[in-house]
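Structure at a glance
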Amino acid sequence: MKNQENAAGFKIRFKFYKKDEYKYLSHLNIVNIITRALRRAGIKTKYSCGYRPKPKINFSNPTPLGVDSFAEYCDVVILEDIEECEFLSAVNLELVPQMMATRAKKIDIKSASISSDISVCLYCFELDAASSTVNFINEFTESVKNNIKSKSDFSSSIFDMMVKTSNENIIFVKLYGYVKIFKNLNNEIFKFNNFLEFFQNWIKKYNIINISYIKKEEIYIFKDNTLKTPMEII
Amino acid sequence: MEKIKTLKFSELENLLEGIQKPGRYVNHEVGTKSKDISKIADFSSMVFMALIFPDIYEIGMPNLGLPILYEIINKIKYFSAERVFSPWIDFEKKLRDRKVKLFSLENRIFLDCFDVLGFSVQHEMLCTNILNIIDMSGLKIHSKERGGRFPLVCAGGPAVVNPQPLSKFMDFMVIGDGEELTIKILEKVKTYKKSSKGKLWFLKEISKLDGVYVPGLYKFYYFKDGKISDIKPFLKVKKETVKDLNKFDIVLNPVIPNIKPVHDRFAVEIMRGCSRGCRFCQAGIIYRPVRQRNVNSLIENSICGIKNTGYDEISFMSLSTADYKDIGCLLEGVAGFMNLNKISVSLPSLRVDSFNLHLAELIGSGRRTGLTFAPEAGSQRMRDIINKDISEEEIIDCIKVAFKNGWEKIKLYFMIGFPFEEDEDIEQIVLLIKKITNTAKDALPKRNFRRFKINVSINAFCPKPFTPFQWVGQDSTGSLVKKFNYIVKNVPKKFVQISWSNPQASKIESALSKGDSSVGDAIEKAWRKGAKFDNWTDMFSYKIWEEAFKESGLDINFFATREILPDEILPWDIIDIGTSKKFLFNEYEKSRKCSRVQNKI
């Protein structure tokens, strides 16, 4: 046992979602739930040394309360080697349909921690625009680009912003917000709750649309001047 | 087919906007066991019970009793139990503003659609929350005014051993252990539901069971001064007792809370009852006799429970854990597994005198949590009066052992306002705290000095029903404040952190615990004036309660601070708790003589 505890171990990165009831649980709650699920699954986690040993688990940045997330990531250092698919099914047996792991991948034990690596977070706002026209959509798209992306209080915290439509008269506003400060970019951290308040007020001028659903879709890491997901980077 | 009304998730989402800690109100924790109502074809052959803990989720979830009942009820295929907690004030306001009735956690069933609403009453200060929940369910708070056959409203738990203060609001009350009785009652409810008989028929039926008190079947007569002159019929309700705890396994798959409760750990009841017989202690009498769980199954089930839940802490619970005869064997049995898996072991209510080096080593080998001691009184004379079987020497020796073994945190419990208390006894509390501080400092390595702190908790003594001190009047608020101030002024502040309970709240607690049914009027008035969460120091308002008693034509002092005469009929005399009034009075007489010898049970 002693040897095992001193061993470097294996690092697994897994992606999970939380939705419906579970979107009302805070980051700290989620950390506890995942930590306990790993223990129940019998996955032997490496512990830190010291007076109060803590399991070596690292989570991606918190998602705002009340927002569905399909891009939660967790890195865990484990003592026994395990196949990725085996890991997934063992963990999912201990979780509920409102929160489950979707992918798992072994990564280099020395790779940077997920929370410090993340650069950009993608939120998707679904807008219900049942009685809109092509002209309206075009006008709306221009307005988002000019007013929010480049000329609002949030401009320096937004990496990119796009508008897409679907046949069912749903408008998708995709917002890439910074979660990290880059010295050369002179950017700010994207503050979701402040933005939501502003955005809700801003769209009021368009009577025919309202926000019907918000989700956190993905998180990205800057690598070689492109955005890569935490699973792509490894 | 009968219809059960539920709140849709989308409706809940609307309600949760802007609500603090919305996780309190959502379901799908791991381990829930209520029936899936979408799969039920015939509701008329099912019995639905709401298990209600009248405080918030975080406080209610660690309670040991509710999971036991939840498990036992849900094991039976035609019963389903769901949990309900008090909504916090922001969510209550939202529900009331939008005219949405209170609902259960699991299936979000509106409370007025349940067959039985069962309240767990752990202490008296929850009374207003209980009325609030009945009201938020859209039901009349008075039992007499609830016309329909369902839901039946009942209460159980340690605070209803004197059922009178809540008697106006409850259809029936349950005294004693719930494991077997709950099922017996629900079987009767099932029969009643199938029949077309009236509520009175049902209540008379269940009143035949031991442990069931139906307030509506009794009449109390009073003298002009407010004392009870007669109770009719004077047929005592015998407390229900589970003779062998081992018949029921500990709950191995409890619901694991999604949001952090006040105690976030796997709790195991190792023993029920306490053989110590401290004269102020209600639990020591009402949970008699002492029943121990088998140590081998405890070891096996503790490990199994930790594996099932994924908790990193296990707690062995009882009224006096070190009195469990196989405690050493239990700790040795689990130590290997717990250490290997970094599980810390905690032993709340560990008596200072039975704490020894061996136990310290066993639980100290995992992660260390604080140690709690309850000397209760400072002087040997007072410890004799209250029958706390412990000497100063034992306390000091014990602290030496603990601190040499690496412990750094101590919590001490004292009570003030005991009967026959003199200034000298209060001075002795200060001296004892000083001695403990010095002992700890001497035993502690110098490098740990800076973070060394002793937490001292001082509570006002509340005389409780079914204790030898039930006849005692509570000390006056003025006198309690004076005694507390003396202690604060004289303890070494550098190392001691003192907290204490509000003496005015203690006075209300006394009145509610020893009250007769007229106190129910004061509870109702206080609730109507906005009292709720009375156990929360920032929510309690003495002014409201003072007015409520006054407007009900009642004197708080009559119930709280008045010395009761030996020949008076007591509001709780209608309950047979298993210990005679004569035994209790003899104990009271002995305390007067500072005599510590006690008949064993």
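Every value quoted in this text rests on a predicted model; they were computed, and no experiment measured them.

Quite often, the size of an interface is put as the accessible area lost when its parts meet. Residue and element names in this part refer to chain A. Partitioning chain A into domains gives domain 1 (2-116) and domain 2 (120-228). For domain 1 versus domain 2, the separation of C-alpha centres amounts to 29 Å. Each partner contributes to the interface: domain 1 provides 14 residues, whereas domain 2 provides twelve residues. Of the roughly 1000 Å² buried at the junction of domain 1 and domain 2 (both faces included), carbon and sulfur atoms supply 54%. Where domain 1 packs against domain 2, one counts two salt bridges.

Pairing of side chains with opposite charge becomes possible as their charged atoms draw close. Taken as a whole and judged by the stated rule, the model has 59 salt bridges over all chains. A salt bridge links A:E217 to A:K215; its shortest N-O distance comes to 3.9 Å. The class for A:E217 is partly exposed, based on a relative accessible area of 23%. Across the pair B:E92 and B:R96 runs a salt bridge whose closest N-O atoms are separated by 2.8 Å. Residue B:E92 and its partner B:R96 are located together in helix α4 (residues 89-97), separated by four residues, close to a single helical turn. Of the residues examined, B:R96 reaches a relative accessible area of 34% and is grouped as partly exposed.

A separate point is the side chain of B:R108. Here B:R108 lies in the loop between α4 and β3 (116-120). In contact with B:R108, other than residues within four places in its own chain, are A:E21, B:K5, B:T6, B:L7, B:K8, B:F9, B:L12, B:E82 and B:F103.

Glancing now at the domain arrangement of chain B. All names here are of chain B. Domains assigned within chain B are domain 1 (9-238) and domain 2 (271-346). Inter-centroid distance (C-alpha atoms) of domain 1 to domain 2 is 29 Å. Taken together, the contact pairs six residues of domain 1 with six residues of domain 2. Of the roughly 530 Å² buried at the junction of domain 1 and domain 2 (both faces included), carbon and sulfur atoms supply 46%. By the criterion of area lost to domain 2, the three top residues of domain 1 are P158, V161 and D177, representing 63% of everything that side buries. For the pair domain 1 and domain 2, the number of links is three salt bridges. R272 serves as the salt-bridge partner of E179, at 2.6 Å between the closest nitrogen and oxygen. At the junction of domain 1 with domain 2, the criterion picks out three residue pairs in polar contact (both at pLDDT 80 or more). Across the side of domain 1 that touches domain 2, the residue classes break down as four nonpolar, no polar and two charged.

Now for the packing of helix α17 (residues 519-528) of chain B against helix α18 (residues 542-551) of chain B. All names here are of chain B. One can describe the packing of α17 onto α18 by two numbers: an axis separation of 8 Å at closest approach and a directional angle of 130 degrees. By the angle between their directions, the pair α17 and α18 is classed as oblique. Considering only the axes of α17 and α18, their crossing is right-handed. Listed contacts from α18 to V519, A522, I523, K525 and A526 of α17 are I544, W545, A548, F549 and E551. When the residues that make up the contact of α17 with α18 are grouped by side-chain class, the tally is eight nonpolar, no polar and two charged.

On to the sheet that holds β3(B), then. All names here are of chain B. With respect to topology, six strands assemble into an open sheet ordered β2-β1-β3-β4-β5-β6, the strand pairing being mixed. Taken across any chain shown, the strands that pair with only one partner, and hence form the sheet edges, are β2 (79-85) and β6 (212-213). Bridging between β3 and strand β4 (residues 152-156) involves five bridges; their strand directions are parallel. Paired with V116 across the bridge in β4 is L152. With respect to the sheet, helix α3 (residues 65-75) is in contact with β1 (47-53), β2 and β3, its orientation differing from that of β2 by roughly 155 degrees. Strands β1, β2, β3, β4, β5 (172-174) and β6 of the sheet are contacted by helix α6 (residues 179-194), whose axis makes an angle of about 135 degrees with β1.

How each quantity is defined
Residues numbered from 1 in each chain as written. Chains lettered and ligands numbered in written order. Predicted model: local features only at pLDDT ≥ 70, side-chain atom pairs only at ≥ 80, totals over all residues. Heavy atoms only, no water. Domains from an automatic or database assignment. Contact = heavy atoms within 4.5 Å. Buried area = accessible area lost by both parts, 1.4 Å probe. Salt bridge = Lys/Arg side-chain N within 4 Å of Asp/Glu carboxyl O. Buried < 20%, exposed > 50% of the residue type's maximum accessible area, 1.4 Å probe, protein only. Helix = DSSP H or I, 4+ residues; strand = E, 2+ residues; numbered from the N terminus. Polar contact = N/O pair within 3.5 Å; in protein donor to acceptor, adjacent residues only side chain to side chain. Nonpolar A, V, L, I, M, F, W, Y, C, P; charged D, E, K, R; others polar. Axes fitted to C-alpha atoms, helices over the stretch in contact; angles between N-to-C directions. Parallel < 35°, antiparallel > 145°, perpendicular 65-115°, else oblique. Left-handed = near helix turned anticlockwise from the far one by under 90°. Pairing = 2+ DSSP bridges.

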